[in-house]
Amino acid sequence: GAGVSQSPRYKVAKRGQDVALRCDPISGHVSLFWYQQALGQGPEFLTYFQNEAQLDKSGLPSDRFFAERPEGSVSTLKIQRTQQEDSAVYLCASSYITGVYGYTFGSGTRLTVV
Amino acid sequence: AQTVTQSQPEMSVQEAETVTLSCTYDTSESDYYLFWYKQPPSRQMILVIRQEAYKQQNATENRFSVNFQKAAKSFSLKISDSQLGDAAMYFCAYRSGQATTGANSKLTFGKGITLSVRP
């Protein structure tokens, strides 16, 4: 596609509910990142994929967070048993392998846990 | 670990005037990349300008230019002839130059600054 597509754009979840957030990167982009952006803050790194391999998940805040990219294209970020502190915008970014020219971001999913 | 600091939470500028947004960073690396991203209410991060640390020349993109002071670890963004469409949050970001791939190629962001443009 022409850009990075994320869905849903908004998600309201009841505390304890499981959610799945989707990212469809630009075709051919090898690198894929997930970031979490709390209200009024800068994005913070969650996890990184190179093709289908999850090479770094050091930013995932707890074992309730899980990400996958099984075929090296679309990625899903899953949050189990959501908590209020999970409320944030989740941004996906992709690039060709090096990313030295910057990354293309999606518009994010705003998750609100009530 | 690298850190990026944006100490001004908000700035305001009159349309057609010039504004400078400040950013400092801390790193022990000599090779790295710096970026300014714009985030409008649509939430999509848009790349404004990038700077390679090994280049002494300051980057320029149309109305946007940077003042890169490597020794001072400072990377400010100057917006000339401000337009109403420039109103947004602006984030300064750091990328290690030591990684050609992998999670070391992730971006580290500052907290951002909200820029408003007065008509």
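K.L.:
Would you take a moment to explain the overall build of chain B for this structure?
P.N.:
Secondary structure assignment for chain B yields zero helices and twelve strands. Mapped in sequence order, the helices and strands of chain B form the string β-β-β-β-β-β-β-β-β-β-β-β. Taking 119 residues into account, the globule formula puts the C-alpha radius of gyration at 14 Å, and chain B, at 14 Å, falls close to it. Taken across its 119 residues, chain B has 51% of its residues classed as buried. In chain B, of all internal contacts separated by at least 6 residues, the share reaching a separation of at least 24 is 57%. When the 12 positive and 10 negative side-chain charges of chain B are each reduced to one mean point, those points stand 5 Å apart.

K.L.:
Teacher, can you tell me more about the sheet that holds strand S1 (residues 5–7) of chain A here?
P.N.:
The strands making up a sheet associate through hydrogen bonds between their backbones, and the pairing can be parallel or antiparallel. All names here are of chain A. What the four strands build is an open sheet, ordered S1-S3-S8-S7; its pairing is antiparallel. Every interior strand has two partners, whereas the edge strands, S1 and strand S7 (65–68), have only one. Neighbour to neighbour, the strand axes of the sheet diverge by 15 degrees on average, direction disregarded.

K.L.:
Before we go on, may I ask you to explain the nonpolar core in this structure?
P.N.:
One recurring pattern in soluble globular proteins is that nonpolar side chains are buried together. Core analysis: the largest hydrophobic core is formed by 26 residues, its most contacted members being Leu21(B), Tyr25(B), Trp36(B), Phe75(B), Leu77(B), Ile79(B) and Tyr90(B). Within the residue set of this core, elements represented by two or more residues are strand S3 (19–21), strand S5 (32–39), strand S6 (46–52), strand S8 (64–69), strand S9 (74–79), strand S10 (88–96) and strand S12 (113–118) of chain B. Among the elements that make up this core, the one with the highest residue count is S10(B) (four residues). Ile26(A), Trp34(A), Ala67(A) and Leu77(A) belong to the second largest nonpolar core, which has 20 residues in total.

K.L.:
Explain the layout of surface pockets to me, please; I cannot follow it from the model alone.
P.N.:
The gaps of empty space that remain are located by a probe, the size of a water molecule, rolled over the atoms. Put simply, the largest pocket is a space of about 350 Å³. Broken down by element, the residue count for the lining of the largest pocket peaks at three residues, all from strand S11 (residues 107–109) of chain B. A class-by-class count of the residues in the lining of the largest pocket yields seven nonpolar, eight polar and three charged. A volume near 220 Å³ is recorded for the second largest pocket. Lining the second largest pocket we find 13 residues, and of these Gln37(A), Arg110(A), Gln39(B), Arg43(B) and Met89(B) sit closest to its centre. Looking at side-chain class alone, the lining of the second largest pocket contains seven nonpolar, four polar and two charged residues.

K.L.:
Would you mind showing me how to read the pattern of salt bridges here?
P.N.:
If the charged atoms of two oppositely charged side chains come close together, the side chains can form a pair. This model, assessed by the stated rule, comprises seven salt bridges over all chains. Its salt-bridge partner being Arg22(A), residue Asp24(A) comes within 3.9 Å of it at the nearest N-O pair. For Asp24(A), a relative accessible area of 30% translates into the label partly exposed. Take Arg22(A): its relative accessible area is 39%, and that puts it in the partly exposed class. Between Asp86(B) and Arg63(B) there is a salt bridge whose closest N-O contact spans 2.9 Å. One end of the pair, Asp86(B), is in the loop between S9 and S10; the other, Arg63(B), is in the loop between strand S7 (60–61) and S8, with 23 residues separating them in the sequence.

K.L.:
What is the right way to look at the interface of chain A and chain B in this model?
P.N.:
Reports of interface size often rely on the accessible area that becomes lost once the parts have come together. Chain A puts 28 residues into the contact, and the matching count from chain B is 22 residues. If you sort the residues of chain A by the area they bury against chain B, Val100(A), Tyr103(A) and Phe105(A) come out on top, with a joint share of 26%. There are zero salt bridges connecting chain A and chain B. Scanning the region where chain A abuts chain B turns up ten residue pairs in polar contact (both at pLDDT 80 or more). Every element with two or more residues in the side of chain A that touches chain B is listed here: strand S4 (31–37), strand S5 (44–50), strand S9 (88–95) and strand S11 (109–113) of chain A. Across the side of chain A that touches chain B, the residue classes break down as 13 nonpolar, twelve polar and three charged.

K.L.:
Looking at this structure, I do not really get the state of the cysteines. What am I missing?
P.N.:
Each disulfide is one covalent bond, formed between the sulfur atoms of two cysteines. Inspection of every chain in the model, using the stated rule, returns two disulfides over all chains. Residue Cys23(A) pairs covalently with Cys92(A) via a disulfide, S to S 1.9 Å. Measuring handedness by torsion sign, the sulfur bridge of Cys23(A) and Cys92(A) sits at about -65 degrees and is left-handed. Residue Cys23(A) is found in strand S3 (residues 19–24), and its partner Cys92(A) is found in strand S9; the two are separated by 69 residues along the sequence. Its relative accessible area of 0% is what places Cys92(A) among the buried residues. Bridging Cys23(B) to Cys92(B), the disulfide has an S-S length of 2.1 Å. Here Cys23(B) and Cys92(B) share a disulfide; its torsion about the S-S bond, -70 degrees, makes the bridge left-handed.

Cut-offs used in this document
- Residues numbered from 1 in each chain as written.
- Chains lettered and ligands numbered in written order.
- Predicted model: local features only at pLDDT ≥ 70, side-chain atom pairs only at ≥ 80, totals over all residues.
- Heavy atoms only, no water.
- Helix = DSSP H or I, 4+ residues; strand = E, 2+ residues; numbered from the N terminus.
- Rg over C-alpha atoms; globule rule 2.2 N^0.38 Å.
- Buried < 20%, exposed > 50% of the residue type's maximum accessible area, 1.4 Å probe, protein only.
- Contact = heavy atoms within 4.5 Å.
- Lys, Arg positive; Asp, Glu negative; His and termini not counted.
- Charge placed at Lys NZ, Arg CZ, Asp CG, Glu CD.
- Pairing = 2+ DSSP bridges.
- Axes fitted to C-alpha atoms, helices over the stretch in contact; angles between N-to-C directions.
- Core = buried A, V, L, I, M, F, W, Y, C linked by side-chain atoms within 4.5 Å.
- 1 Å grid on protein atoms, 1.4 Å probe; cavity = no way out; pocket = protein on both sides within 12 Å on 5 of 7 lines; lining within 4 Å.
- Points joined across faces, edges and corners; volume = space filled by probe spheres on them.
- Nonpolar A, V, L, I, M, F, W, Y, C, P; charged D, E, K, R; others polar.
- Salt bridge = Lys/Arg side-chain N within 4 Å of Asp/Glu carboxyl O.
- Buried area = accessible area lost by both parts, 1.4 Å probe.
- Polar contact = N/O pair within 3.5 Å; in protein donor to acceptor, adjacent residues only side chain to side chain.
- Disulfide = S-S within 2.5 Å.

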